[in-house]
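# Chain and residue survey
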Amino acid sequence: ELKVEQNPLFLSMQEGKNYTIYCNYSTTSDRLYWYRQDPGKSLESLFVLLSNGAVKQEGRLMASLDTKARLSTLHITAAVHDLSATYFCAGNQGGSEKLVFGKGTKLTVNP
Amino acid sequence: DAGITQSPRHKVTETGTPVTLRCHQTENHRYMYWYRQDPGHGLRLIHYSYGVKDTDKGEVSDGYSVSRSKTEDFLLTLESATSSQTSVYFCAISPGRPDEQYFGPGTRLTVT
């Protein structure tokens, strides 16, 4: 059974700083997904990582996948206040239609 | 944005009453999902559907039932609501397996 763990669960950082959110998963996952959720809002898809070594970037966010280590990272470069949100990673075991989500990382970027 | 609507968006109900939440999509996607989101738990899958009249259980299905009589609609029913079912419920859709899922706006349900 796939389990997904994120850390840290809470992250407070200053504008302009860099940081990384980690997503570990317990068994093979066909793909790895990253979502963003603003307070009181729905989830927005950020990245879908398909294979080992995959790297995707959008603005100040960069996601990568290491299937051998069963690890995905979401790197934040020069954080700005607008990036404050909760970020979730999710995997699917063996190509299943079911996603398993981590508990989320609540990111607060302070001026 | 994917065409997904949920109704109602907010509901307060009493313990023991039945409740039905509706998810409607205009994307003609095959897969539809119901999740609940609770603090400290992330999102947990309740039920999902892989076609009209084809449904299966997720991680937290006890106390919930679903139906899908048309491609565009997926209903979640709480047969006898309990306070532990107070939560935010999200519907999601996906064109195939294992494509990314697109989420609806959510329904906040309070059971008193």
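Check the entry above for the structure.
Report follows, based on the coordinates.

### Details of the overall build of chain A
- When helices and strands are counted, chain A shows zero helices and eleven strands.
- Each helix and strand of chain A, placed in order from N terminus to C terminus, yields the pattern β-β-β-β-β-β-β-β-β-β-β.
- The C-alpha atoms of chain A give 13 Å as radius of gyration, which agrees with the globular expectation for 111 residues (13 Å, within 12%).
- Based on the C-alpha atoms only, the size of chain A along its principal axes is roughly 40 × 30 × 20 Å.
- Across the 111 residues that make up chain A, the buried fraction comes to 45%.
- Restricting to contacts in chain A with at least 6 residues of sequence separation, those with at least 24 account for 54%.
- Carbon and sulfur atoms form 49% of the exposed surface of chain A, whose accessible area is close to 5,500 Å².
- Each charge class in chain A can be summarised by its mean position, and for the 12 positive and 10 negative side chains these summaries are 3 Å apart.

### Examining the sheet that holds strand 3 (residues 19-25) of chain B
Residues and elements named next belong to chain B.
- Ordered in space as 1-3-8-7, the four strands form an open sheet in which the pairing is antiparallel. The sheet terminates laterally at strand 1 (4-7) and strand 7 (64-70), the two strands that pair on one side only. Mean inter-strand twist for the sheet, computed between neighbouring axes without regard to direction, equals 20°.
- Pairing between strand 1 and strand 3: four bridges, direction antiparallel. Within the sheet, the bridge partner assigned to Ser7 lies in strand 3 and is Arg22.

### Points about the interface of chain B and chain A
- Taken together, the 20 residues of chain B in the interface contact 20 residues of chain A.
- Between chain B and chain A lies a buried interface of about 1,700 Å² when both sides are counted; carbon and sulfur atoms form 54% of it.
- Applying the counting criterion to the chain B and chain A interface returns six residue pairs in polar contact (both at pLDDT 80 or more).
- Among the secondary structure elements, those contributing two or more residues to the side of chain B that touches chain A are strand 4 (31-38) and strand 5 (42-51) of chain B.
- Tallied by class, the residues present in the side of chain B that touches chain A amount to ten nonpolar, six polar and four charged.

### Some thoughts on the sheet that holds strand 1 (residues 4-7) of chain A
Residues and elements named next belong to chain A.
- Taken together, the five strands give an open sheet; going across it, the order is 1-3-8-7-6, and neighbouring strands pair in antiparallel fashion. Two strands lie at the open edges of the sheet, namely strand 1 and strand 6 (55-58), each paired on one side alone. Direction aside, the axes of adjacent strands within the sheet are offset by 15° on average.
- Examined bridge by bridge, strand 7 (residues 61-66) and strand 8 (residues 71-76) share six bridges and lie antiparallel to one another. When the sheet's bridge partners are listed, Leu65 is paired in strand 8 with Ser72.

### Re the side chain of Ser87 of chain B
- Within the secondary structure, Ser87 of chain B is located in strand 9 (residues 87-94).
- For Ser87 of chain B, the contacting residues outside a window of four places in its chain are Arg36, Gln37, Asp38, Thr107, Arg108 and Leu109 of chain B.

### Some remarks on the pattern of salt bridges
All names here are of chain B.
- Considering all chains together, one arrives at six salt bridges over all chains under this definition.
- In this structure, Asp38 and Arg36 form a salt bridge, with 2.8 Å as the shortest nitrogen-oxygen distance. The burial state of Asp38 is the same as that of Arg36; both residues are buried.
- Each of Arg22, Lys70 and Asp73 takes part in salt bridges that share partners, so that together they form one network.

### Let's talk about the side chain of Ser94 of chain B
Residue and element names in this part refer to chain B.
- Take Ser94: it is sitting in strand 9.
- Assessed through its relative accessible area of 0%, Ser94 is described here as buried.
- Setting aside residues no more than four positions away along its own chain, Ser94 makes contact with His29, Arg30, Tyr31, Tyr33, Asp99, Glu100 and Gln101.

### Re the environment of Val52 of chain B
Residues and elements named next belong to chain B.
- Checked against the element boundaries, Val52 lands in the loop between strand 5 and strand 6 (54-57).
- The exposure class of Val52 is partly exposed, given its relative accessible area of 35%.
- Residues Val52 and Glu27 lie 25 residues apart in sequence; the distance between their C-alpha atoms is 14 Å.

Calculation notes
Residues numbered from 1 in each chain as written. Chains lettered and ligands numbered in written order. Predicted model: local features only at pLDDT ≥ 70, side-chain atom pairs only at ≥ 80, totals over all residues. Heavy atoms only, no water. Helix = DSSP H or I, 4+ residues; strand = E, 2+ residues; numbered from the N terminus. Rg over C-alpha atoms; globule rule 2.2 N^0.38 Å. Buried < 20%, exposed > 50% of the residue type's maximum accessible area, 1.4 Å probe, protein only. Contact = heavy atoms within 4.5 Å. Areas by Shrake-Rupley, 256 points an atom, 1.4 Å probe, with all protein chains shown as cover. Lys, Arg positive; Asp, Glu negative; His and termini not counted. Charge placed at Lys NZ, Arg CZ, Asp CG, Glu CD. Pairing = 2+ DSSP bridges. Axes fitted to C-alpha atoms, helices over the stretch in contact; angles between N-to-C directions. Buried area = accessible area lost by both parts, 1.4 Å probe. Polar contact = N/O pair within 3.5 Å; in protein donor to acceptor, adjacent residues only side chain to side chain. Nonpolar A, V, L, I, M, F, W, Y, C, P; charged D, E, K, R; others polar. Salt bridge = Lys/Arg side-chain N within 4 Å of Asp/Glu carboxyl O.

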